[in-house]
Amino acid sequence: MLGHGDGYEAAGSASFVGRTGELALLERALREDRLITLTGPGGVGKTRLARRAAGLAGASGTAEGTGATEPADANADAPSGPFPDGVHWADLSPLPDGRLLVATVADALDLADHTARTPAAAVRQWIGGRRLLLVLDCCEHLVTAVRSLVRELLDAAPHLVLLVTSRQPLGLAEERVLDIGPLPHAIDPFGAEEALALFTRRAAAAAPGQAPPWTEARLAAARSVCARLEGIPLALELAAAQLTDHTIEELAVRLARRIGPLSAPRPAPGHAFGPAPVRPPRHRALRTAIGWSHEWCAPRERLLWLRLSVFGGAFDLAAARAVCSADPLTETDVPPLLDALVAKSVVRRGADGSYRMLDTIREYGAMWRDGAGEREALREAHAAYFTELVRAAERDWLGPAQRIGYRRVEAVHGDLCAALDHYLATAPERALDLAARAGFYWACCGHLHAARGYLERALAAARPEEVAPRIRVRALWALGVTLLLQGEQEQAHRIAVGCEALAAGLDEGPEGDAGPALDAAYLLGLSHLLAGRPLAARIVSDNALEAFPGAPFDSGPRIRCHLVRVFALTGTGLFTDARDEAELLRAGCTERGEHWTRAYADYQLALICLFEGRPAESAVHARAMLESKRELGDSFGTALGLDLLAAARAATGDGAGAARAYGTGHAYWQAVGHPQRGTPELASVREEFERTARGALGDQAYEAAFREGLRHGHVLRTRPRPYES
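The structure reproduced in this document is the subject of the present report. Keep in mind it's a predicted model, so treat the numbers as computed, not measured.

### Examining the sheet that holds strand β3 (residues 87–91)
1) Next: Spatial ordering of the open sheet is given by β3-β4-β5-β2-β6, a layout of 5 strands whose pairing is parallel. Here the strands that pair on one side only, and so sit at the sheet edges, are β3 and β6 (176–179). Here the average twist between neighbouring strands, direction ignored, is 15 degrees.
2) Next: Note that strand β2 (residues 35–39) and β6 share 4 bridges and pair parallel. The residue bridging Thr37 from the neighbouring strand is Val177, located in β6.
3) Next: In the packing of helix α1 (residues 20–32) onto the sheet, contacts are made with β2, β4 (133–137), β5 (161–166) and β6, and the angle to β6 comes to roughly 170 degrees.

### What to know about helix α21 (residues 489–504)
1) Next: Between the first and last C-alpha of α21 there are 22 Å, a value that for 16 residues agrees with the 22 Å anticipated at 1.5 Å per step.
2) Next: Among the residues of α21, Ala492, Ile495, Ala496, Cys499 and Ala503 are the ones counted as buried. Summarising the axial view, the buried residues of α21 lie within an arc of 110 degrees, below the 170-degree limit, and thus occupy one face. Away from the buried face of α21 by more than 90 degrees, exposed residues Glu490, Arg494, Ala501 and Ala504 are located.
3) Next: Looking at the buried side of α21, the elements it contacts are α20 (469–485) and α22 (515–530).

### What to know about the nonpolar core
1) Next: Of all hydrophobic cores here, the largest spans 210 residues; its most connected members are Leu136, Phe199, Leu308, Val347, Trp442 and Trp596.
2) Next: In this structure Val347 touches Leu308, Phe315, Leu338, Leu341, Val342, Tyr355, Arg356 and Met357, once residues within four positions along its chain are discounted.
3) Next: Core analysis: the next-biggest nonpolar cluster, separate from the first, contains 22 residues, Phe16, Ile36, Leu163 and Leu178 among them.

### Concerning the pairing of β2
1) Next: Counting buried positions along β2 yields 5 of 5 residues, so the element is predominantly enclosed.
2) Next: One ladder, built from 5 bridges, connects β2 with β5; its direction is parallel. Looking at the pairing, Leu38 lines up with Thr165 of β5.

### Some remarks on the packing of aromatic side chains
1) Next: Tallied over the full model, the rule gives 21 aromatic pairs.
2) Next: Taking the centre distance of 6.0 Å and the plane angle of 40 degrees together, the rings of Trp397 and Tyr406 count as tilted.
3) Next: Taken together, the ring pairs connect Trp397, Tyr406, Phe440, Tyr441, Trp477, Tyr522, Phe567, Trp596, Tyr600 and Tyr603 into an aromatic cluster.
4) Next: Sitting over the ring of Trp126, Arg130 keeps its end group 4.0 Å from the ring centre.
5) Next: Positioned above the aromatic ring of Trp296, the side-chain terminus of Lys344 is 4.7 Å from the ring centre.

Rules used throughout
- Residues numbered from 1 in each chain as written.
- Predicted model: local features only at pLDDT ≥ 70, side-chain atom pairs only at ≥ 80, totals over all residues.
- Heavy atoms only, no water.
- Pairing = 2+ DSSP bridges.
- Helix = DSSP H or I, 4+ residues; strand = E, 2+ residues; numbered from the N terminus.
- Axes fitted to C-alpha atoms, helices over the stretch in contact; angles between N-to-C directions.
- Contact = heavy atoms within 4.5 Å.
- Expected span 1.5 Å × (residues − 1).
- Buried < 20%, exposed > 50% of the residue type's maximum accessible area, 1.4 Å probe, protein only.
- Arc of directions from axis to C-beta.
- Core = buried A, V, L, I, M, F, W, Y, C linked by side-chain atoms within 4.5 Å.
- Phe/Tyr/Trp six-rings, centres within 6.5 Å; stacked < 30°, edge-to-face > 60°.
- Lys NZ or Arg CZ within 6 Å of the ring centre and 35° of its normal.

Okay, structure coming up:
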């Protein structure tokens, strides 16, 4: 798996130019060393080289598998090569400090930890004895925090290999430092002019009318540009973008005036520009190129550049329009200005249509932003926009846009953290409101540590007299759900009781919404269910639904209370009632295009069918649950669904299929950091049908099929259909 920013290389692997020697040295280091740091100035191409090497390591080291329901053979998905457990990429450039460092690494590892242990402990344990390559990109602003984490990981994971990119080394004893310099650019008939090759390619893309073949004079001008820009790839790309308005010869003349004369042994006959072995300082060359690009921009393009620096990572057009459209820019001004910045290579457009700036260019924009006094206003606009994004996702909870809302909230995780940090420093009551709204989404997406951390900080920072009681109830509810998912049942139950008492003192909302009371009832009922008290859960949900009558789909809190009631009916053995109500909920969800409630309605129907001796029907519902969980990206729910699918297969006599499904489910349980969990009745189902499958196959065959499913599961966790095992 190589993720987090794949789409931002200018032209994928085809855009990689030169670096043959450095790449060979890096490939050797990845075989021989456990910690390799690529150092060098900004813009020199450390990230691109690391991505190239990591991509080659991943291509030679992991197998994709068949994706079929039945693998062709027991080793169909068995990875091979030096990194059988994958290549994982963590982009650290958006992080303002080290607080989210470990969470970012966990995301890169696809670890959705559902425990109360520290994130660092979860990462250490998950890596364990795995053989994988972890790339930590852009570490220079987090050297102390990265050094500490790397030390812990190397000590805890004997087969882990770490590749780091940074403008300075980490300073660890076992670190192998590879200093990455500019691309070779001196005229050498026996050597490679890699800088010229890159500039030529970028020039042809920016201005096809100036593509080779070139005259001797134009070739000399191009070489002069490469020499004066010190062969720094980013500087060359920024310069090439200006060829839409200038010829290469004009570019060379302007650079000569900007940087000054460079001593050369002797210009080639008839050439205005000769070789330049005496080189300007690297940082000066890059600053010159960025400053030159800044001057080339129109005033309104410069203004958008500095405003876009508020985004730490990727952003979309809607975010740019909302956050950056303060006077004198309007929302309609932003799209063409953004296109102009893309054309000038200041902003890069990803394959998915999103945008981002390289950290060096973003830093330049931030310098102008702070000088213009716009920093705080932009942070406020940024926080307001992402708060509204979460509110919109809440409004769409019960409809077909639920899935889109989930994915949006997941995609902007870093921006939401930045918004919360801003509000915690400036308006804690707003931080509490945002944390309360985002907390449930984060809990469902696996960001439990972030949800708990921000909720606890906001609850401590916001003074009760400055916070609406409804917001406080919602925050406590979100914290209680998070704690339950982390296995902290006693603490969560105490919060649920307090949440219920606080909600009881509130009147219904302005539109008759009993949301706080129903939220509290859901939390308390869920706490009873997980503790094995289904009758108590039924009483809580029934009391709340009777006190605040309405249709199940009137609101999110109400539908969640109905779901608790279905679970409670199943837990007390009232299968007919539970099935009838689950089918009603499922039908309503199907009609509305809702996934979260539908998944758990199918979960209950699958369980009931097993209890009633209808395993084939149970398997249908288990697969439907898994499809809904796939839409939401929920690893915990996927693990539950795979266990039910395995039980249904065992009950139909398919012992091998059951063992494989149990193995695949185990890969997901490993990802969430828990032993197999769920409501108590699921534990007895799992134990019974594991025995059934093992008895049908025998221990040796069962273990072989289980291991096959486990291997397949690790591959499928990066695939769109995890249930195909």
